[in-house]
Amino acid sequence: MKADIHPDYHTIKVVMTDGTEYETRSTWGKEGDTMRLDVDPKTHPAWNKGGHHIIETAGQIDKFKKRYGNFGIGKKPAAAEAKPAEDSSSEEKPAE
């Protein structure tokens, strides 16, 4: 191994947001320094289920209706609204 190319790996103390402490080895700071965390797994939403979104379908539908004004929702196609063709089998046609 080459000398003097690796960072100094030493023991530091880490203080979590709730005040708990533990010791670990790191290249951060100097031997015996204390790292105080602003965000940790106990407070960050990614680790404590705060990052999940609950989708409410009723709200989404209302938002869609407000934005698009019920555009085409619940309407029958134009072909279905047309008067149905008369059934020729039920009526008698006069003979020519």
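Structural notes, computed from the coordinates. These figures come from a predicted structure and were not determined experimentally.

Time to look at the overall build of the protein chain. A count of helical and extended segments in the protein chain gives 2 helices and 3 strands. Written out in order from the N terminus, the α and β elements of the protein chain read β-β-β-α-α. A buried classification covers 7% of the 96 residues belonging to the protein chain. Contacts in the protein chain between residues at least 24 apart in sequence constitute 8% of all its contacts with a sequence separation of at least 6. When the accessible surface of the protein chain is summed, it comes to about 9,200 Å², and 53% of that surface belongs to carbon and sulfur atoms.

So, about the sheet that holds strand E3 (residues 34–36). Taken in spatial order, the 3 strands of this open sheet run E2-E1-E3, and their pairing is mixed. Strand pairing shows two members of the sheet lacking a second neighbour, strand E2 (21–26) and E3, which therefore form its edges. Sheet twist, expressed as the mean angle between neighbouring strand axes with direction ignored, is 35°. For strand E1 (residues 10–15) and E3, the ladder comprises 3 bridges, and the chain directions are parallel. Bridged to Val-14 within E3 is Met-35.

This part covers the pattern of salt bridges. For the coordinates displayed, the defined rule picks out 2 salt bridges. Residue Glu-21 pairs with Lys-13 through a salt bridge whose shortest N-O separation is 3.8 Å. By relative accessible area, Lys-13 is classed as partly exposed at 29%. The salt bridge partner of Lys-42 is Asp-18, with a shortest N-O separation of 3.0 Å. Of this pair, Lys-42 sits in the loop between E3 and helix H1 (57–68) while Asp-18 sits in the loop between E1 and E2, and the two are 24 residues apart along the sequence.

Note that E1 and E2 share 6 bridges and pair antiparallel. Residue pairing across strands places Ile-12 opposite Thr-24, the latter belonging to E2. Hairpin geometry of E1 and E2 is characterised by an intervening segment of 5 residues between the two adjacent antiparallel strands and by a positive phi of about 100° at Gly-19.

With that settled, the discussion passes to unusual backbone geometry. The backbone of Asp-4 sits at a positive phi, close to 65°, despite the residue not being glycine. Of note, Asp-4 is situated in the segment before E1.

Turning next to the side chain of His-10. Summarising the element assignment, His-10 is placed in strand E1. Residue classification places His-10 among the buried positions, given a relative accessible area of 2%. Polar contacts involving the side chain of His-10 include one to the side chain of Asp-8, which spans 3.2 Å. At 2.9 Å, the side chain of His-10 and the backbone oxygen of Trp-28 are in polar contact. Filtering out sequence-adjacent residues up to four positions away, His-10 remains in contact with Thr-24, Arg-25, Ser-26, Thr-27, Trp-28, Gly-29, Lys-30 and Glu-31.

Conventions used here
- Residues numbered from 1 in each chain as written.
- Predicted model: local features only at pLDDT ≥ 70, side-chain atom pairs only at ≥ 80, totals over all residues.
- Heavy atoms only, no water.
- Helix = DSSP H or I, 4+ residues; strand = E, 2+ residues; numbered from the N terminus.
- Buried < 20%, exposed > 50% of the residue type's maximum accessible area, 1.4 Å probe, protein only.
- Contact = heavy atoms within 4.5 Å.
- Areas by Shrake-Rupley, 256 points an atom, 1.4 Å probe, with all protein chains shown as cover.
- Pairing = 2+ DSSP bridges.
- Axes fitted to C-alpha atoms, helices over the stretch in contact; angles between N-to-C directions.
- Salt bridge = Lys/Arg side-chain N within 4 Å of Asp/Glu carboxyl O.
- Polar contact = N/O pair within 3.5 Å; in protein donor to acceptor, adjacent residues only side chain to side chain.

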